[in-house]
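# Fold and geometry: a report
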Amino acid sequence: MAAGVPPAGAARVVERVRHHLYRLHQKLLPAPAAMMEMIIATWTSQAITVAAELGVADALADGPLTIDELARRVHADPDALRRLLRALIGRGVFRRRPDGRYEMNSLAHTLRSDVPTSMAWAARFYGSREQRERWTRLVDAIRTGRSVVPAMHGSAGFDYFAEHSEHAELFNRTMTSISELTDASVVGGYDFSAYSRIVDVGGGHGPLLANILAAAPNSHGVLYDLPTVVCSASDLDCTNDVADRMYIEAGSFFERVPSDGDAYVLKNILHDWPDEKAVQILRNVRRFARPDSTVLLIELVIPDHDRDFPGNWADLEMLLNLAARERTAAEYRTLLSRAGLRMTRLVPTASPLSIVEARVA
């Protein structure tokens, strides 16, 4: 178990308690008021985005400031900034001292751009004009079952990133932050030390693989992604002396993957693609894997219960942007079977992510 990571079972108990507390909160309000609260939740998220865009948390990092001092640092109107902070403080983000100065608290700290697991990039990405406009077209996606991106921008999801480098960079920083948020739970929830050669397919700059190798000191890893991605992977700050056990290989998982892996790790890869493309990726893994290789899909596996789950909302995000989807365990079992693989078990983690374990059929 990784330090600071609770057992998956304990995390599920906390989730159920939170679920029932939230349901109690709803029942304490008249139904129209509870619905109105959910409707205007977008106001809160957009206010957080603005605070991140302005760099309010970075400006307060060195200590409390008056509203005029803070407004000068972030280039904002003092009265408008005061009103923004008043609303956020009511939701527990930032704090106003008795002397009137504004300061950080734990939630505000996550909006600093220079801290581990910063949420500033996620706030800016999901609150960006591009993402907000796409969500206004959700009704079109629900009616058609297709992504709204081609109709809006003239290009498909990942092609749009290739054409808009600034938005792509914001997306990449967001994905890195989310990875930092969940990697410890993944490593703590599964024994990777059983595998000598671990191939991280579509592993980006390698943060997950670095964490895996730190926890599995006798293992070696291959980081595999597109040339434009892995060209900067050498900049990764590999802790615990794992850099000498991590090898980099460039290529597309639609064409091939590195051969002879004991384990093939695909984290948040298949949810980016519709079924036919997902099967193509898995068939390539099957083609280059050994008969005794293990395939590990790390995804937001949709559970059977009807409680709130992040994957339910990520599923709509996948539909909007990529015509893709999050999947249930049964749907992953079907995909794997079509690719000549057999699902052996589903391993929960303390985060919303689960590990779908599979072997050659």
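Residues numbered from 1 in each chain as written. Predicted model: local features only at pLDDT ≥ 70, side-chain atom pairs only at ≥ 80, totals over all residues. Heavy atoms only, no water.

- Per an unreviewed UniProt entry, the protein chain carries the name Hydroxyneurosporene-O-methyltransferase and comes from Mycobacterium cookii.

## With respect to the packing of helix H13 (residues 165-188) against helix H14 (residues 207-215)
- Where H13 contacts H14, the two axes come as close as 10 Å, and the packing angle between them is 30°. In terms of orientation, H13 lies roughly parallel with respect to H14. The crossing of H13 and H14 is right-handed. Between H13, through Ser179, Asp183, Val186 and Val187, and H14, the contact on the second element is made entirely by Pro207, Leu208, Asn211, Ile212 and Ala215. (Axes fitted to C-alpha atoms, helices over the stretch in contact; angles between N-to-C directions. Helix = DSSP H or I, 4+ residues; strand = E, 2+ residues; numbered from the N terminus. Parallel < 35°, antiparallel > 145°, perpendicular 65-115°, else oblique. Left-handed = near helix turned anticlockwise from the far one by under 90°. Contact = heavy atoms within 4.5 Å.)

## Some thoughts on the UniProt feature "active site" (unreviewed entry) in the protein chain
- In the numbering used here, UniProt assigns the "active site" (unreviewed entry) feature to His271.
- Examined against the element boundaries, His271 turns out to sit in the loop between strand E6 (263-267) and helix H16 (275-288).
- Not counting the four nearest positions on each side in its chain, His271 is found in contact with Glu299, Met318, Ala324, Arg325, Glu326 and Arg327. (UniProt positions renumbered as here; feature names shortened; annotations may be inferred.)

## Re the pattern of salt bridges
- Applying the stated rule across the entire model yields 16 salt bridges.
- Two residues, Glu103 and Arg97, come together in a salt bridge whose shortest N-O distance is 3.3 Å.
- Residue Glu103 is classed as buried on the basis of its relative accessible area of 16%.
- For Asp114, the salt bridge identified is with Arg112, shortest N-O distance 3.0 Å.
- When its relative accessible area of 17% is taken as the criterion, Arg112 is described as buried.
- A single network of salt bridges, built from pairs that share partners, joins Arg95, Arg97, Asp99, Arg101 and Glu103. (Salt bridge = Lys/Arg side-chain N within 4 Å of Asp/Glu carboxyl O. Buried < 20%, exposed > 50% of the residue type's maximum accessible area, 1.4 Å probe, protein only.)

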